Amino acid sequence: VIAALRGPRFRVRTALWLLPPDAVGREPDAAARLGLDAADARRPILDALDPDSRFLGLDPERIVEALDAIASGPGRTDCALVYNLDLLVARLPFQARDALWDTLYRGFPHRRALLLAVPRSAEALLPRDGALDLWRRDARLAE
């Protein structure tokens, strides 16, 4: 999946990695082993938060903006392993989750490659079955 993300094949260079239980919490180590940058999906949102804010105001657009900041920001490599995305997705209603995954699959072109790490056990947070099959068919899903 990483080789495909780094190659010229994809216009939208996002892929999903369904993390096994023993890899959850060790994503920066995995990124280092794979030669990728490690990026906490929450960091751009928290960095932009007003210190006096009481609410996060999380929606798909805000998550996409955070991922865009990661994809557009400085990095050592051409691909970043993004972790803790599941914590943001969990705060969204079901329809908003579908909109987010659709944007990440279809509408996130010409950016640095992102390998989105989500725990395999977080099935309710993943794209619905039909959409997940698209990620799999396009070789953009690592299981």
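Residues numbered from 1 in each chain as written. Predicted model: local features only at pLDDT ≥ 70, side-chain atom pairs only at ≥ 80, totals over all residues. Heavy atoms only, no water.

## Quick notes on the environment of Arg-120
And then number 1: Counting through the fold element by element, Arg-120 comes out in the loop between β4 (113-119) and α7 (129-137).
And then number 2: Among the residues examined, Arg-120 registers a relative accessible area of 41% and is labelled partly exposed.
And then number 3: Spatially, the C-alpha atom of Arg-120 lies 27 Å from that of Gly-73, the residues being 47 residues apart in sequence.
And then number 4: Those residues in contact with Arg-120 that sit more than four places away from it in its chain are Leu-18, Leu-19, Pro-20 and Pro-21. (Helix = DSSP H or I, 4+ residues; strand = E, 2+ residues; numbered from the N terminus. Buried < 20%, exposed > 50% of the residue type's maximum accessible area, 1.4 Å probe, protein only. Contact = heavy atoms within 4.5 Å.)

## A short note on helix α4 (residues 60-72)
And then number 1: An ideal rise of 1.5 Å per residue puts 18 Å on 13 residues; α4 measures up with 18 Å between its terminal C-alpha atoms.
And then number 2: Along α4, the residues classified as buried are Pro-60, Ile-63, Val-64, Ala-66, Leu-67, Ile-70 and Ala-71. Along the axis of α4, the buried positions cluster into a sector of 160°, meaning they face one direction only. Across α4 from its buried face, at more than 90 degrees, point the exposed residues Glu-61, Glu-65 and Ser-72.
And then number 3: On the buried face of α4, the contacting elements are β2 (37-40), α3 (43-48), β3 (79-83), α5 (85-89), α6 (94-106) and β4. (Expected span 1.5 Å × (residues − 1). Arc of directions from axis to C-beta.)

## Looking at the sheet that holds strand β5 (residues 141-142)
And then number 1: Spatial ordering of the open sheet is given by β2-β3-β4-β1-β5, a layout of 5 strands whose pairing is parallel. Of all the strands in the sheet, just β2 and β5 have a single pairing partner and so form its edges.
And then number 2: Taken together, the 6 bridges between strand β1 (residues 14-19) and β4 define a ladder with parallel strand orientation. The partner of Leu-16 across the bridge, within β4, is Leu-116.
And then number 3: Sheet strands in contact with α7 are β1 and β5, and its direction is about 105° off that of β1. (Pairing = 2+ DSSP bridges. Axes fitted to C-alpha atoms, helices over the stretch in contact; angles between N-to-C directions.)

Treat this as a map of the structure, not an account of what it does.
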